[in-house]
Amino acid sequence: MCNLYSNIMPPAAMRQLFAVDAKNDQLGNAEPLPAIFPKGTAPIVALTDDGNRGVWNTHWGFVLPQVSKKTGKPIQPKAVNNARDDKLRASPFWKTSFVECRCLIPATSFCEAKGRNPATYVWFGIKGEVERPAFALAGVWRSFRGDYGGQHRDLITSSMITTTPNELVKDTHPDRMPTILHPEDYEEWLTGGPDAAFALLRPFRQRKWLFINQARG
């Protein structure tokens, strides 16, 4: 499970890496995001209505309405920011978005917590020719319109898909890790059928991994 990641790429770099035309870039002069938490701003790459790639900001976490167990009245909705790969095709909460609204989540690192009281926070990135090269996490998106935190909100929301951890991440988080897609699979993830897309949800096997840092908190 991932509740923190970073994306320090400038919008122009995202457009180049993910083959997005400038006219489909809705980020403007967006600042680098060294720490993205649930309910925070999360840029994604997804298909526009005309089938081209676009990049825009989303709210990280599908909005899940909740009611009080005591009063039965609506309370603050939950933001569900991780989608398990083994739930995508069975759960009504995820199924439509998996079939119709998949996206790439640009990232430069992600964080997993190990242990408790205190936890150790471990950042993972990928080694490359430049420091902290960018990569893409598999994601899904959907629209939300309604009451959120006492206000009417009209949002595009996103959630990242988690899968079985690889050998490196397993030592920190034995159950889950974000699904990292290889560049050659970006188009299949965005445009392929559900079976072809689901086959891409597997632990990242590339060995060019890097511990960015480990800190207790």
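Structure: see above.
My aim in this report is to walk through the structure given alongside it, one point at a time. Since we're looking at a predicted model, the values are computed, not measured.

Definitions and limits used
- Residues numbered from 1 in each chain as written.
- Predicted model: local features only at pLDDT ≥ 70, side-chain atom pairs only at ≥ 80, totals over all residues.
- Heavy atoms only, no water.
- Helix = DSSP H or I, 4+ residues; strand = E, 2+ residues; numbered from the N terminus.
- Buried < 20%, exposed > 50% of the residue type's maximum accessible area, 1.4 Å probe, protein only.
- Areas by Shrake-Rupley, 256 points an atom, 1.4 Å probe, with all protein chains shown as cover.
- Lys, Arg positive; Asp, Glu negative; His and termini not counted.
- Charge placed at Lys NZ, Arg CZ, Asp CG, Glu CD.
- Salt bridge = Lys/Arg side-chain N within 4 Å of Asp/Glu carboxyl O.
- Phe/Tyr/Trp six-rings, centres within 6.5 Å; stacked < 30°, edge-to-face > 60°.
- Lys NZ or Arg CZ within 6 Å of the ring centre and 35° of its normal.

**Quick notes on the overall build of the protein chain**
And step 1. The helix and strand inventory of the protein chain stands at five helices and 15 strands.
And step 2. Taking the principal axes of its C-alpha atoms as reference, the protein chain extends roughly 55 × 50 × 35 Å.
And step 3. Here the protein chain holds 217 residues, and the buried ones make up 48% of them.
And step 4. A total of about 11400 Å² of accessible surface is found on the protein chain, and carbon and sulfur atoms cover 50% of it.
And step 5. Each charge class in the protein chain can be summarised by its mean position, and for the 27 positive and 21 negative side chains these summaries are 9 Å apart.

**Description of the pattern of salt bridges**
And step 1. For the structure shown, the criterion picks out ten salt bridges.
And step 2. Its salt-bridge partner being Asp 171, residue Lys 114 comes within 3.2 Å of it at the nearest N-O pair. Taken together, the positions of Lys 114 in strand 9 (residues 109-114) and Asp 171 in the loop between helix 3 (167-170) and strand 13 (177-178) put the pair 57 residues apart, joining distant regions of the chain.
And step 3. Residue classification places Lys 114 among the partly exposed residues on the basis of a relative accessible area of 34%.
And step 4. Residue classification places Asp 171 among the exposed residues on the basis of a relative accessible area of 54%.
And step 5. Salt bridges here are not isolated pairs; linked through shared partners, they connect Arg 84, Asp 86 and Asp 175.

**Topic: the environment of Glu 112**
And step 1. Mapped onto the secondary structure, Glu 112 falls in strand 9.
And step 2. Along the chain, Glu 112 and Val 169 lie 57 residues apart, while their C-alpha atoms are 8.2 Å from each other.

**A word on the packing of aromatic side chains**
And step 1. Under the definition given, this model contains ten aromatic pairs.
And step 2. Ring centres of Tyr 5 and Trp 60 lie 5.0 Å apart, and the angle between their planes is 90 degrees; on these two criteria the pair is classed as edge-to-face. Placement of the pair is Tyr 5 in strand 1 (residues 4-7) and Trp 60 in strand 4 (residues 53-60), with a sequence separation of 55 residues. Here Tyr 5 and Trp 60 have matching classes, each one buried.
And step 3. Both rings, one in Phe 98 and one in Phe 198, keep their centres 6.3 Å apart while their planes meet at 80 degrees; by these two values the pair is edge-to-face. Pair noted here: Phe 98 is in helix 2 (residues 92-100) and Phe 198 is in helix 5 (residues 194-198), with a separation of 100 residues, a long-range link.
And step 4. Taking relative accessible area as the criterion, Phe 198 reaches 26% and is therefore assigned partly exposed.
And step 5. Of the aromatic side chains, those joined through ring pairs into one cluster are Phe 62, Phe 93 and Trp 94.
And step 6. For Arg 102, the ring lying beneath its charged end belongs to Trp 189, and the centroid distance is 5.4 Å.
And step 7. A cation over a ring is seen here: Arg 142 above Phe 93, with NZ or CZ 4.4 Å from the ring centre.

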